[in-house]
Amino acid sequence: MAQANPQANQAMVQKVLAVFGKLDLPTLQQFYQMASQCLQNPQQYPALLQKVIATGKVKQGELPAQYDEKVVKSIAVALQIAISQKQGGAGASAPQPQGAGQPPLQMPKSL
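K.L.:
For this particular structure, what's the right way to read the overall build of the protein?
P.N.:
When helices and strands are counted, the protein shows four helices and zero strands. The helix and strand sequence of the protein, counted from the amino end, reads α-α-α-α. For the protein, buried positions account for 35% of its 111 residues. Within the protein, residue pairs in contact and separated by at least 24 positions form 70% of the contacts whose partners lie at least 6 positions apart.

Here is the structure:
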């Protein structure tokens, strides 16, 4: 598998941050849990995408219609950053979503 351009990945995270940065902390945490679920169970993506759109916080077309692991990982990383910023953190530590009981996601080196 070819490695993606690190600048492109960073740009994707920044674009996702622009979309999710406007959301409140509980919504960010909820979306982070959904992104984690998608990474563990990609077949859940269509249902979770519809759930996110139904909240009215994300518009149709702001997220890809089909599961894309790179995009979902970028979303998870962007959500971690946004949660950390909302919590007043330094931005380097990964947040712990309430009730998730799962380790935080890390951007893989292969992206």
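K.L.:
Help me out: how do you make sense of the confidence of the model for the protein in this one?
P.N.:
Low pLDDT marks stretches whose predicted atomic positions should not be read closely. On average, residues of the protein score 76 in pLDDT, and 75% of them reach the 70 mark or higher. Considering only residues more than four positions removed or in separate chains, one finds that residues 90–111, a stretch of pLDDT under 50, has 40 contacts.

K.L.:
Can you help me understand the pattern of salt bridges in this one?
P.N.:
Think of it this way: side chains of opposite charge can pair up when their charged atoms draw near. Tallied over the full model, the rule gives one salt bridge. Here Glu69 and Lys73 are joined by a salt bridge, their closest N and O atoms 3.0 Å apart. You can see Glu69 and its partner Lys73 sitting in helix α4 (residues 69–86), four residues apart, about one turn around the helix. According to the relative accessible area criterion, Glu69 is partly exposed, its value standing at 41%.

K.L.:
Is there a simple way to think about the environment of Val58 in this case?
P.N.:
As for its placement among the helices and strands, Val58 is situated in the loop between α3 (45–54) and α4. Not counting residues up to four positions away in its chain, the partners in contact with Val58 are Phe20, Phe31, Val52, Ile53 and Leu63.

K.L.:
Explain helix α1 (residues 6–20) to me, please; I cannot follow it from the model alone.
P.N.:
Because each turn of an α-helix spans 3.6 residues, side chains separated by three or four positions in sequence point in the same direction. Between its terminal C-alpha atoms α1 stretches 21 Å, which fits the 21 Å expected from 15 residues at 1.5 Å a residue. Regarding α1, the residues found buried are Asn9, Val13, Val16, Leu17, Val19 and Phe20. For α1, the arc enclosing every buried residue in end-on projection is 160 degrees, short of the 170-degree limit, so these residues lie on one face. Away from the buried face of α1 by more than 90 degrees, exposed residues Gln7, Gln10, Lys15 and Ala18 are located.

Reading the values: rules and limits
- Residues numbered from 1 in each chain as written.
- Predicted model: local features only at pLDDT ≥ 70, side-chain atom pairs only at ≥ 80, totals over all residues.
- Heavy atoms only, no water.
- Helix = DSSP H or I, 4+ residues; strand = E, 2+ residues; numbered from the N terminus.
- Buried < 20%, exposed > 50% of the residue type's maximum accessible area, 1.4 Å probe, protein only.
- Contact = heavy atoms within 4.5 Å.
- pLDDT = per-residue confidence, 0-100.
- Salt bridge = Lys/Arg side-chain N within 4 Å of Asp/Glu carboxyl O.
- Expected span 1.5 Å × (residues − 1).
- Arc of directions from axis to C-beta.

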